Amino acid sequence: MDSASTPRAAAPAGPAMPRGRRRLIRSFVILLVTAWVLTTTPRTLMPFEQIPVFVTAWLRPWGLSTGPWGMFAPAPRVNNSWLTATVESDALPPVQWASTDWHDAGTAEKFYRFRHLNYDKALTHPVNAAAAEDFARYLRRTLSEASPQSRVTLTANGLRYVEPIDGGIPPRDEITWMLYSEPLATIEPEP
């Protein structure tokens, strides 16, 4: 008898998942997706405005909240910002640094460096002041020939969309932009 005609024994399958456990996992996934839908649905479509607030407060401690995800129009958040830094010391001329201007960056660069875009944007939030100071110290080490006697000023610059008084979104050529510059961190020379 040749080996082609002999029946083969089936490979032993792993232990089967108990039916109750499978139902528990499916129920959890359905509950989580429902919670995410409730937190990302525009507030104007919700019958009670407190539902997304309650659900978000419940998801946040577990690390499952989607956060401030400005996905839906008619009030999208427009981010046209960039970071600049000036490193000054008595011995050397000032050194200027600027992050990528994401408004002018191409689609391929944004796709390839999207983590940089997110990091730059996160540094501008007041809750991340400590991270902005750490980033300013990093710039001092890398831009000023490792001189601890350098002063670093990290600034967020950009254009903010000015919403019209009557609301709504105006045509593209009628949009008003306001230039801003906000200091994020200043690192003084070390003694």
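Residues numbered from 1 in each chain as written. Predicted model: local features only at pLDDT ≥ 70, side-chain atom pairs only at ≥ 80, totals over all residues. Heavy atoms only, no water.

1. Describing a nonpolar patch on the surface
Then, in step 1: A contiguous nonpolar surface patch, about 590 Å² in accessible area, is contributed by M17, I25, F28, V29, V33, W36 and V37.
Then, in step 2: The residue V33 is located in helix α1 (residues 19–40) in this model.
Then, in step 3: Note on V33: relative accessible area 42%, which makes it partly exposed. (Patch = residues over 30% accessible without salt bridge, like charges linked within 9 Å, V, L, I, M, F, W, Y side chains within 5 Å. Areas by Shrake-Rupley, 256 points an atom, 1.4 Å probe, with all protein chains shown as cover. Salt bridge = Lys/Arg side-chain N within 4 Å of Asp/Glu carboxyl O. Helix = DSSP H or I, 4+ residues; strand = E, 2+ residues; numbered from the N terminus. Buried < 20%, exposed > 50% of the residue type's maximum accessible area, 1.4 Å probe, protein only.)

2. Digging into the packing of α1 against helix α2 (residues 50–59)
Then, in step 1: Between α1 and α2, whose axes approach to 8 Å, the crossing angle comes to 130 degrees. As far as their axial angle goes, α2 and α1 are oblique. Here the hand of the crossing between α1 and α2 comes out left-handed. Counting all contacts with α1, which are made through L31, L32, A35, W36, L38 and T39, the residues of α2 involved are I51, P52, V55, T56, W58 and L59.
Then, in step 2: Of the residues belonging to the contact of α1 with α2, the class tally is 10 nonpolar, two polar and no charged. (Axes fitted to C-alpha atoms, helices over the stretch in contact; angles between N-to-C directions. Parallel < 35°, antiparallel > 145°, perpendicular 65-115°, else oblique. Left-handed = near helix turned anticlockwise from the far one by under 90°. Contact = heavy atoms within 4.5 Å. Nonpolar A, V, L, I, M, F, W, Y, C, P; charged D, E, K, R; others polar.)

3. Observations regarding the packing of aromatic side chains
Aromatic rings in a pair are described by how distant their centres are and how their planes are angled relative to each other.
Then, in step 1: Inspection of every chain in the model, using the stated rule, returns three aromatic pairs.
Then, in step 2: Ring geometry for W97 against F135: centres 5.5 Å apart, planes inclined by 65 degrees, an arrangement best described as edge-to-face. Residue W97 is found in strand β2 (residues 95–98), and its partner F135 is found in helix α5 (residues 129–143); the two are separated by 38 residues along the sequence.
Then, in step 3: By relative accessible area, W97 is classed as partly exposed at 21%.
Then, in step 4: Judged by relative accessible area, F135 falls into the buried class, the value being 11%.
Then, in step 5: What links up through ring pairs into an aromatic cluster is the set W97, Y119, F135 and Y138. (Phe/Tyr/Trp six-rings, centres within 6.5 Å; stacked < 30°, edge-to-face > 60°.)

4. What about the environment of Y138?
Then, in step 1: Within the fold, Y138 resides in helix α5.
Then, in step 2: Y138 sits in the partly exposed class, given a relative accessible area of 40%.
Then, in step 3: C-alpha separation for the pair Y138 and V152, spaced 14 residues apart in sequence, amounts to 9.9 Å.

5. Quick word on the sheet that holds β2
Then, in step 1: Spatial strand order, β2-β1-β3-β4: four strands in an open sheet with antiparallel pairing. Every interior strand has two partners, whereas the edge strands, β2 and β4 (176–187), have only one. Across the sheet, the mean angle separating the axes of adjacent strands is 20 degrees when strand polarity is ignored.
Then, in step 2: Taken together, the four bridges between strand β1 (residues 80–88) and β2 define a ladder with antiparallel strand orientation. What sits directly across from T84, in β2, is A98.
Then, in step 3: Packed on one face of the sheet, α5 meets β1, β2, β3 (151–162) and β4 and runs near 75 degrees to β4. (Pairing = 2+ DSSP bridges.)

What is shown is where atoms sit, not what they do.
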